[in-house]
Amino acid sequence: MKKALVIVISFAFLAAKAQQGINIIPQPKEIKAGIGIFKLDNKTVLVAGNKESMDAAAMLNEYLHQLTGFNLPVNESGGDENKIVFAKPKLANEIEKEGYRLEVTSNKIEISASTAAGYFYGIQSLLQLMPINENKVNTISIPGVSINDAPRFGYRGMHLDVSRHFFPVSFIKKYIDYLATYKFNTFHWHLTDDQGWRIEIKKYPLLTQVGGYRNGTIIGRYPGKGNDGIRYGGFYTQEEIKDIVGYAAKRHITIIPEIEMPGHASAAIAAYPQLSCFPQEATKKAKGTAWAGDSKGKQVQQAWGIFEDVFVPTDYTFNFLENVLDEVMQLFPSTYIHIGGDECPKESWKRSKFCQQLIKEKKLKDEHELQSYFIQRIEKYLNKKGRKIIGWDEILEGGLAPNAAVMSWRGEAGGIEAAKQQHYVIMTPGNPLYFDHSQSKNEDSVTIGGYNPIEKVYAYYPVPKELNNADSSYVMGAQANVWTEYMKNSDKVEYMVFPRIAALSEVLWTNKGTKNYAAFQQKLPALFQRLDQQKINYSKAVYDLKATVIPDPGFNGVLWKLEATNDIPLLINLNNADSAWAYHGPVPINTGVHLAKASYTVNGKTIMLSQKFSINKATGKKITLVNEPSATYPGNGAFTLVDGIHNEKGMSKTSEFLGFKGTDMDVIIDLGKEMKISTVIPHFLQHPGSWIYYPSQVKVSYIPGTATQEEIKNGSFPATVVNAATGLQKNNIKINKEITCRYVRVQAKNYGVIPNGNAGSGNKAWLFSDEIEIL
């Protein structure tokens, strides 16, 4: 009978008081503590002598009114004491474009800048020097300090998807305020997609009347457990958008609108079916999902994913898009317009006689070059209007439009390629800059999957090492993306954004040599206190007790490693023993262990953490990867497959899988010595909506201990082959064969190309595996 190992960890977590001093995020370029305290009260005078500084003084008054309830007088000059001065540098190039200097002494505060943006960022730092108070106060004490500051990157962005879920104007303004606080200067507003068209276009009223609403939404994680049947939607009027654009401009934030094309166009096609290659065909719902309401004709999609119905590249479509973009450009003064360009299935174009004829007429190679033709035609139109395009990295396929900038989201490869072609690049790789991914391994709400904790965000640097100095100059900066399939309300958006937005702000603003994660962690208590005061929801995952499984050096089982924030002492209790003792290092988990538990106390609340183990003959053994997994889903290397853990949460814990895109899984497990085995059980994941499929075939080879390394990889040995279609049993394939061997080779053949009618059709499938058991 197996014995359970129970590890109980308890500690009193005392919430640290926020430092009543210098806790500025993002960390300034240069900062020195000063002497004395400046006392700000209703007699303080704001001194501003030109339009930029007058605007800055008005903005500071707006903030101060929220904190104190009073407004300060603004004069062109002031006395010797109790004043806040907005000054100009003596030399025009003395302070960088977005830079500022902030000097706080006992009798004066001086903010110097060469631009209005510089003044604004100086104000943001000044506000973070002010103490955190629950109620309005009459006097604010500000510590003496000297700051010289400027950003590292010129593009500092945050994105928000309002198509999957719609958010009111009031929250969009709050979101812009969040960006302003941490010195972001770009808001990428994702306004159209398959699930909703959110921007009023006066020439095409059906875009919002029809395309702005869907008849229901799937319930829970894709493919969902039914459909709520609730008509859902909304849109922003042009007057509301003008108001929001003006609000952002006052905070020195440029809004880049995104109008998706040629894919992700279901909402537009529902409104105007002639935009489709096949106007008479009814909308295809996502496989395996429930549908609500009318299913005839063209409909707004009710599930997440990628859909075949895309824009047909006719003159009607281009005329439509040009008219739409004309109205978009009237609303948004940004140099760049984002035109999407991602995840455009080619099946409709392949079936379309018109598209095939167009490919011949334009002497295009294939549908990828047709997409390039589409994008380049739109780019030429926008260039004529004095604008430029940004697209996701798929716009590289078939040839990049001449003046396009690229957002690299599928890792950094697209950005590297674009920069080498001397195109401007914004880095936004899913790992670690998708803020819809989980930030805790103990996430208690549905997310799209992945694992991007705050420390991974903080460690990111937007300039890849593969670029030389000349090419790296084309990297404008980076942004985090917030896709809202699983964010129905603003509280969830805040929870997913905070505190990772603060970490990203230091990635983009602070010089690489000045960044320090330990110092950043010390600022988090003050940050959380401010967020509490402002009633902003946020994740406390940074304080999670971290439990990880690591290899045993002797290949005898595995080790359970425990870590707590700030090195808080831990106590362990094994098998419900009468006494506990201090945790001094990783705990062996081997034969007989099937459960480990941890508990800890945060602010008086006890939180339980448990880990199930499935210890078998492969657990912790030496394992070699013949084929490397994708860099996007590397798991914990080959050890992922022998760590004794089954992923029981599927897509919500994709960090625990090895992912192979279009390639086979091929691994060799060394049992250490020859031994009798009877069963090999590889575990896999199937999630077609995310392009993940079971392997088509699994082959297990049994190799004796006498084999050489060359023979192990290239020799022929007894093997069992199982077709996945007949051998699958609840995400695993059980292969029974009694034999004596030392090495076990497991080869899983990738499903191949995703068939028509499925999400990602025409693309290579992913193969995901999390464990291989040997009994």
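In this text, all values refer to a predicted model and were calculated from it rather than measured experimentally.

On to helix α17 (residues 517–533), then. For α17, spanning 17 residues, the distance from its first C-alpha to its last is 24 Å, which sits close to the expected 24 Å at 1.5 Å a residue. Of all the bends found along α17, the most pronounced is centred on Leu524 and spans about 35°, while Pro525, a proline, follows it within four residues. Residues of α17 that are buried: Phe520, Lys523, Leu524, Pro525, Ala526, Leu527, Phe528, Arg530 and Leu531.

Attention now moves to the sheet that holds strand β21 (residues 546–551). Hydrogen bonds between backbone groups are what pair the strands of a sheet, and the pairing can be parallel or antiparallel. Strand order in the open sheet made by the 3 strands is β21-β22-β25, with antiparallel pairing throughout. Whereas interior strands pair on both sides, the edge strands pair on one side only; in this sheet they are β21 and β25 (587–589). Between one strand axis and the next, the sheet turns by 35° as a mean value, whatever way the strands run.

A word on the packing of helix α3 (residues 169–181) against helix α5 (residues 238–250). Close contact between α3 and α5 brings their axes to 10 Å; oriented N to C, the two are set at 15°. Here α3 is positioned roughly parallel relative to α5, judged by the angle of their axes. When the axes of α3 and α5 are compared, the crossing they make is right-handed. Contacts from Val169, Ile172, Lys173, Ile176 and Asp177 of α3 reach α5 at Glu240, Asp243, Ile244, Tyr247 and Ala248. Each residue belonging to the contact of α3 with α5 can be placed in one class, and the counts come to 6 nonpolar, no polar and 4 charged.

The N-to-C vectors of helix α16 (residues 500–509) and α17 enclose an angle of 135°; their axes lie 11 Å apart at closest approach. One finds that α16 runs oblique with respect to α17. In the packing of α16 onto α17, the handedness of the crossing is right-handed. Along the contact surface, α16 presents Ala502, Ala503 and Glu506, while α17 presents Phe520, Lys523 and Leu527. Across the contact of α16 with α17, the residue classes break down as 4 nonpolar, no polar and 2 charged.

Moving on, we come to the packing of aromatic side chains. Counted by the stated rule, this structure contains 33 aromatic pairs. Between the aromatic rings of Phe528 and Tyr538, the centroid separation amounts to 4.6 Å while the plane-to-plane angle is 20°, which identifies the pairing as stacked. Residue Phe528 is located in helix α17, and its partner Tyr538 is located in the loop between α17 and β21; the two are separated by 10 residues in the primary sequence. A connected cluster of aromatic rings, assembled from ring pairs, spans Phe166, Phe167, Phe171, Tyr175, Phe187, Trp189, Tyr236 and Phe332. Taking NZ or CZ as reference, Arg152 lies 4.1 Å from the ring centre of Phe153, over its face. Of note, Arg221 hangs over the ring of Tyr486, and the distance from its end group to the ring centre comes to 5.6 Å.

How each quantity is defined
- Residues numbered from 1 in each chain as written.
- Predicted model: local features only at pLDDT ≥ 70, side-chain atom pairs only at ≥ 80, totals over all residues.
- Heavy atoms only, no water.
- Helix = DSSP H or I, 4+ residues; strand = E, 2+ residues; numbered from the N terminus.
- Expected span 1.5 Å × (residues − 1).
- Bend = angle between axes of the 7 residues up to and from the residue.
- Buried < 20%, exposed > 50% of the residue type's maximum accessible area, 1.4 Å probe, protein only.
- Pairing = 2+ DSSP bridges.
- Axes fitted to C-alpha atoms, helices over the stretch in contact; angles between N-to-C directions.
- Parallel < 35°, antiparallel > 145°, perpendicular 65-115°, else oblique.
- Left-handed = near helix turned anticlockwise from the far one by under 90°.
- Contact = heavy atoms within 4.5 Å.
- Nonpolar A, V, L, I, M, F, W, Y, C, P; charged D, E, K, R; others polar.
- Phe/Tyr/Trp six-rings, centres within 6.5 Å; stacked < 30°, edge-to-face > 60°.
- Lys NZ or Arg CZ within 6 Å of the ring centre and 35° of its normal.

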